[in-house]
Amino acid sequence: MIDIINENLFHLSTSATSYVFTVGNNGELLHLYYGKKIDVSANGRNALIQKWSHGNACSVVSDDSRHMLCPDDEKWEMGFMGKGDLRSPAAEVIWKNGGTTAEFVFENYEITDISEVCDAFKKACLPHSYDEEGGKGEALKIILKEKTERVKLILYYCIYDDCDVITRSSELVNCGQATFTVNNLSSLQLDLDADVIKVTSFHGDWAREMEKCDVLLTGGKFVNESRGGNSSNHSNPFVMYSEPGATESAGEVYATNLVYSGNHRESAEFGGHAKCRILTGIDPDFLSWPLKKGESFMSPEGVLSFSDKGYGGISQNEHKFVREHIVRGEWKHKERPILLNSWEAAYFKISEGKLLKLAKEAADCGMELFVMDDGWFGKRDDDKSSLGDWYDNKEKLPNGIKGLSEKIKALGLMFGIWVEPEMVNADSDLYMAHPDWAVKDPERDHAEGRDQMILDFSKSEVREYIISQMSDVFERSNCDYVKWDMNRNFSDFFSQGGKAEDQGKLPHAYILGLYEVMETLTQKFPHILFEGCASGGNRFDLGILSYFPQIWASDDTDAVARCTIQNGYSYGYPQSTWSAHISASPNHQTLRRTPLATRFAVASMGVFGYELNLCDLPSEEIKEIKEEVEIYKKWRKILQFGDFYRLGGRVTQESFDRYSGGFLSARLDTTLTRNIIVSKDKSEAMGYIVNAEIHPNYSHTSFRTAGLDDEKLYHFCNREVKYDIRRMGDLVNMLSPIHIKQDGVIHNLVARFKKLDGETEDYVARGSLLNNAGVNLTQTFAGSGFGENTRLYADFEARMYEICEIKEEFLKGSADDQNNEESRE
């Protein structure tokens, strides 16, 4: 909702938040408040505005009419160079005369709807949020004018009431004759009253994305940025800012994100006056955009949210926003198929026969989609050649991708294919024909990554070629799924044939070109399920999710590592957007061995699939996989689209862990992660607990839920567990009448026919009990004794708990049965 009071106080509100700013006496735009919803109708401006009776000592005075105002000690909607605000600006320009001072003042405003803002983004070739209700959600345009130059700055605000999100963006318009250069245009600025703030950001590298990092900021500046040409696995654009005492369920938390896939920068900065400035947008180190007469430049869309219910509250806001206002198209709410990907089963060593054998096993296990990964085109036997040559390798596929697809579909499976459209190898027909299409400076030695170069998507001829080639591949294969990969960072930013003064446009122009290609292909092939990938999570952002409904979270398929990675994503992205696969044990990235049940539990928390050689698995594991597939199909809608809650464990430790040197998580809780996914109507839920390293003589733990309806009655139970007797080692001799040699012939023979019964968790309780007290789980084996209901819970074990609403009559019937039993006694 947008309220405008006295034509100078703007109150933007969602269901639980208020965002308030005002026009100052000299046309400046002053930020007043963002946080929990408030009423500003009764002279709110006077109460909120910062009071001035005299200027601060040594403060810069911008003009005589504002001699009492210190620009460096004020909260602004947008900060600029010059005029005394010494903090980082939200916008930086260089005028024709070389000057950098800018002073934008209020000219007008317009209340409009989200669809009009969407039109502005489309004109700028940028992805954006949207309102499915005909685009009629409320939006606000604030028009500012530069006091000296004929330039306007338009600030856009979109209100998403249903998820407590406000999006912001900025547009510079050159209304004059002279060209000037845009060096920085932030998507949003938020100035807060604060003397300390905890910044939570997510960092890493290949195979270890989204590692949560907390920094307590009391002064100076914190920067989170990407410099490799993409949103990056080094620094995801999603960042949270909170009061130091905030927890998973309580405390004030702000969050920002960016609908963009290129170089970005987020910063939190304290000046000298207990105010924190938050900025997010394109990294200004990689922007130099000449703006000619009549042209405009628009920033990507920034996403802003607030919750006083801690990190969990922010996550619920972000998840709903992404699901309902970012992801779009046929697969927005459609359940995603269970797939088998050929990569870790065969790598480049594929053939039609090998692939069909894998696909037959997948179909027999109940899977629904078979994906042929890298190695099918050109003369591609490794990563050193053929990128750009998107014709069939007839030695591997004698009948081409068309023939293979037809045979795969005859098995009852959908067919998927891997592509890497943005890249070219030097050893390729494409590069030989068009070396000037590569992003490289021909006067310098080129720095390659993974033996490949990046195609210059700022060139229209390159975009047209890729659209044509990919259209041919998709049509020829009649594919249902596409894995779109991107396996290197930018190094040399140089567009061959471009003017020297335009080279600073390339990092952003490339991303705009990429969006044009993605938009064209997703519109042309709306039925295809596209999955983004960039060496795993090197480009996991809201820009890609505006075209592709899911992204490969990490090339690391190790279940233990994935707990940290997936929980990191869960702070800002719903589980329907990250894909997760069961792979072999030992894992190909870590060589860690984990039980199949653990790999299933962790992978089922995302968009689920398999990536291993089914043909080499023992029959016992194939049987278990078939059971997993059936379980996932039964629970798929909830697991993909339910509400995701983090319940604790090492990967969600709060600030105490930082100050205790890890003592709390290492000694009192051996759990790696605990999560729960709850259906929208709160009638069903799946709980997860994954162990890290076992510690002796910690034999009891509990499982406390979140998100259930306090009044509803639930049945809480675990998946039936059977243990391989060999897990007990030679302790089996404590029960056996004859001596059994560990791992000997008799030991293995007994294991084929005898399984140990696992624990049974079977309880009926109200949601209030489960949410607030939790269930005390059965005793864990702790070095002595193994009873009929003992939980074997070793290193990297996992458990899944089904929680289903039951009728009140069940409780009455259970009580009657208990009374009858007591009467018989």
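Everything below is about the structure shown above.
None of the values given here were measured: they were computed from a predicted structure.

K.L.:
Sorry, what's going on with the overall build of the protein here?
P.N.:
Counting its regular elements, the protein contains 18 helices and 41 strands. In terms of overall dimensions, the protein is globule-like: its C-alpha atoms have a radius of gyration of 29 Å, near the 28 Å expected for 825 residues. Over its C-alpha atoms, taken along the principal directions, the protein stretches across nearly 100 × 70 × 45 Å. For the protein, buried positions account for 60% of its 825 residues. Excluding contacts between residues fewer than 6 apart, the proportion of contacts in the protein whose partners are at least 24 apart in sequence is 72%. Taken as a whole, the protein presents about 32200 Å² of accessible surface, with 50% of it coming from carbon and sulfur. Considering the protein, the positive charge centre built from 92 side chains and the negative charge centre built from 129 side chains are found 1 Å apart.

K.L.:
What exactly am I supposed to notice about the pattern of salt bridges here?
P.N.:
Oppositely charged side chains can pair when the atoms bearing their charge come close. Applying the stated criterion to the full structure yields 55 salt bridges. Residue Glu-324 pairs with Lys-332 through a salt bridge whose shortest N-O separation is 3.9 Å. According to the relative accessible area criterion, Glu-324 is partly exposed, its value standing at 24%. For Lys-332, a relative accessible area of 5% translates into the label buried. Residues Arg-380 and Asp-374 are paired through a salt bridge, measuring 2.9 Å at the closest nitrogen-oxygen approach.

K.L.:
Quick question: what am I supposed to make of the side chain of Glu-802 here?
P.N.:
Among the secondary structure elements, Glu-802 is positioned in strand E41 (residues 798–805). Look past the residues within four positions of Glu-802 in its chain and what remains in contact with it is Lys-634, Trp-635, Ala-685, Met-686, His-715, Phe-716 and Cys-717.

K.L.:
Would you explain empty space enclosed by the protein in this entry?
P.N.:
Once rolled over the atoms, a probe with the size of a water molecule shows which space is left empty. Scanning the entire structure with this criterion turns up five cavities of 30 Å³ or more. In this model, the largest cavity occupies a volume close to 270 Å³. Among the elements that line the lining of the largest cavity, the one with the most residues is strand E6 (residues 104–113), at three residues. For the lining of the largest cavity, the per-class residue count stands at 13 nonpolar, four polar and six charged.

K.L.:
Help me understand the sheet that holds strand E1 (residues 2–5), please; the structure alone is not making it clear to me.
P.N.:
Backbone-to-backbone hydrogen bonds join strands into a sheet, with any given pair of strands oriented parallel or antiparallel. If you trace the four strands from one edge of the open sheet to the other, you get E1-E2-E3-E4, paired in antiparallel fashion. For this open sheet the edge positions go to E1 and strand E4 (29–36), each flanked by a neighbour on one side alone. If you compare each strand with its neighbour and ignore which way they point, the axes differ by 15° on average. In this sheet, strand E3 (residues 17–23) lies alongside strand E2 (residues 9–13) in antiparallel orientation, the contact comprising five bridges. When the sheet's bridge partners are listed, Ser-13 is paired in E3 with Ser-18.

K.L.:
For this particular structure, what's the right way to read the sheet that holds strand E10 (residues 180–185)?
P.N.:
Pairing is antiparallel in the open sheet, where three strands are placed in the order E5-E10-E19. Taken across any chain shown, the strands that pair with only one partner, and hence form the sheet edges, are strand E5 (91–94) and strand E19 (289–291). Sheet twist, expressed as the average angle between the axes of neighbouring strands with direction ignored, equals 35°. As paired strands, E5 and E10 are joined by four bridges and run antiparallel to one another. Considered in E10, the bridge of Glu-92 is made with Asn-184.

K.L.:
When you look at a nonpolar patch on the surface in this model, what are you seeing that I'm missing?
P.N.:
Together, Leu-731, Met-734 and Leu-735 make up a nonpolar patch on the protein surface, roughly 390 Å² of accessible area in all. Relative to the helices and strands, Leu-735 is located in the loop between strand E37 (722–724) and helix H16 (745–753).

K.L.:
What is the right way to read the packing of aromatic side chains from this model?
P.N.:
Describing an aromatic ring pair means giving the distance of the ring centres and the angle of the ring planes. Per the stated rule, a full pass over the model turns up 46 aromatic pairs. Ring geometry for Trp-343 against Tyr-347: centres 4.9 Å apart, planes inclined by 75°, an arrangement best described as edge-to-face. With relative accessibility at 19%, the residue Trp-343 sits in the buried group. Here the aromatic rings of Phe-716 and Tyr-801 are separated by 5.1 Å at their centres, their planes lie at 25°, and the arrangement is stacked. With Phe-716 in strand E36 (residues 713–718) and Tyr-801 in strand E41, the pair connects residues that are 85 residues apart, well separated along the chain. Classification of Tyr-801 by relative accessible area gives buried; the value is 0%. By the ring-pair criterion, three or more aromatic residues cluster together here, those being Phe-10, Tyr-19, Phe-21, Tyr-34, Phe-106, Tyr-109, Tyr-157, Tyr-254 and Phe-306. Seen from the ring of Trp-289, Lys-505 lies directly overhead, with NZ or CZ sitting 4.6 Å from the centre. Looking at Arg-562, its charged tip hangs above the ring of Trp-552, at a distance of 4.7 Å from the centre.

K.L.:
Mind showing me how you'd approach helix H8 (residues 460–477) here?
P.N.:
Residue pairs spaced three or four apart in an α-helix point in one direction, given the helix's 3.6 residues per turn. Taking 1.5 Å of rise per residue, the 18 residues of H8 would be expected to cover 26 Å, and the 26 Å separating its terminal C-alpha atoms lies within 8% of that figure. Residues of H8 that are buried: Val-462, Arg-463, Ile-466, Ile-467, Gln-469, Met-470, Ser-471, Val-473, Phe-474 and Ser-477. Contacts from the buried residues of H8 go to helix H6 (400–410), strand E24 (414–419), strand E27 (481–484), helix H9 (506–524) and strand E28 (529–532). Following H8 by one or two positions, Asn-478 adopts a phi angle in the positive range, close to 50°.

K.L.:
Could you clarify how one ought to interpret the pairing of E41 in this entry?
P.N.:
A regular strand carries its side chains on alternate faces of the sheet. E41 sits mainly inside the fold: six of its eight residues count as buried. Here strand E34 (residues 684–691) runs beside E41; their pairing, made up of seven bridges, is antiparallel. The residue of E41 that forms the bridge with Gly-687 is Tyr-801. Pairing analysis gives five bridges linking E36 to E41, with the strands arranged antiparallel. Within E41, the residue paired with Asn-718 across the bridge is Tyr-801.

K.L.:
Honestly, the environment of Ile-551 in this entry has me stumped. Any pointers?
P.N.:
With respect to the element layout, Ile-551 can be found in strand E29 (residues 550–552). Residue Ile-551 is classed as buried on the basis of its relative accessible area of 0%. Along the backbone, Ile-551 and Glu-531 are 20 residues apart, and their C-alpha atoms lie at a distance of 5.1 Å. Once residues lying within four places of it in the same chain are set aside, the contact partners of Ile-551 are Glu-531, Gly-532, Arg-539, Phe-540, Asp-541, Ile-544, Leu-545, Thr-577, Trp-578 and Ser-579.

K.L.:
Which parts of the structure should I look at to understand the layout of surface pockets?
P.N.:
Considering only enclosed or pocket space, the largest pocket measures out at about 1400 Å³ in volume. Lining the largest pocket are 33 residues, with Leu-596, Ala-597, Glu-620, Glu-624 and Lys-722 positioned closest to its centre. When contributions to the lining of the largest pocket are tallied by element, the ones reaching two or more residues are helix H12 (596–603), helix H13 (619–641), E37 and E41. With seven residues, the single largest contributor to the lining of the largest pocket is H13. A breakdown of the residues in the lining of the largest pocket according to their chemical character gives 11 nonpolar, four polar and 18 charged.

K.L.:
I tried to follow the nonpolar core on my own but got confused; where do I start?
P.N.:
In terms of nonpolar packing, the biggest core is built from 197 residues, with Leu-12, Ile-142, Met-367, Met-372, Trp-376, Phe-474 and Tyr-610 touching the most fellow members. Tallying contributions element by element places H9 first for this core, with 10 residues. If we skip the residues at most four places from it in the chain, Phe-474 touches Val-419, Cys-479, Val-482, Leu-521, Phe-525, Ile-528 and Phe-530. In this structure, Val-678, Leu-708, Leu-770 and Ile-803 belong to the second largest nonpolar core, which totals 16 residues.

K.L.:
Any chance you could explain the pairing of strand E33 (residues 671–678) here in plain terms?
P.N.:
In terms of burial, E33 is largely enclosed, as eight of its eight residues are buried. In this sheet, E33 lies alongside strand E32 (residues 643–648) in antiparallel orientation, the contact comprising five bridges. The residue of E33 that forms the bridge with Arg-646 is Asn-675. Where E33 meets E34, seven bridges bridge the pair, whose relative direction is antiparallel. Paired with Arg-674 across the bridge in E34 is Ile-689. Here E33 hands over to E34 after five residues, with Lys-682 in that stretch at a positive phi of 65°.

About the thresholds
- Residues numbered from 1 in each chain as written.
- Predicted model: local features only at pLDDT ≥ 70, side-chain atom pairs only at ≥ 80, totals over all residues.
- Heavy atoms only, no water.
- Helix = DSSP H or I, 4+ residues; strand = E, 2+ residues; numbered from the N terminus.
- Rg over C-alpha atoms; globule rule 2.2 N^0.38 Å.
- Buried < 20%, exposed > 50% of the residue type's maximum accessible area, 1.4 Å probe, protein only.
- Contact = heavy atoms within 4.5 Å.
- Areas by Shrake-Rupley, 256 points an atom, 1.4 Å probe, with all protein chains shown as cover.
- Lys, Arg positive; Asp, Glu negative; His and termini not counted.
- Charge placed at Lys NZ, Arg CZ, Asp CG, Glu CD.
- Salt bridge = Lys/Arg side-chain N within 4 Å of Asp/Glu carboxyl O.
- 1 Å grid on protein atoms, 1.4 Å probe; cavity = no way out; pocket = protein on both sides within 12 Å on 5 of 7 lines; lining within 4 Å.
- Points joined across faces, edges and corners; volume = space filled by probe spheres on them.
- Nonpolar A, V, L, I, M, F, W, Y, C, P; charged D, E, K, R; others polar.
- Pairing = 2+ DSSP bridges.
- Axes fitted to C-alpha atoms, helices over the stretch in contact; angles between N-to-C directions.
- Patch = residues over 30% accessible without salt bridge, like charges linked within 9 Å, V, L, I, M, F, W, Y side chains within 5 Å.
- Phe/Tyr/Trp six-rings, centres within 6.5 Å; stacked < 30°, edge-to-face > 60°.
- Lys NZ or Arg CZ within 6 Å of the ring centre and 35° of its normal.
- Expected span 1.5 Å × (residues − 1).
- Core = buried A, V, L, I, M, F, W, Y, C linked by side-chain atoms within 4.5 Å.

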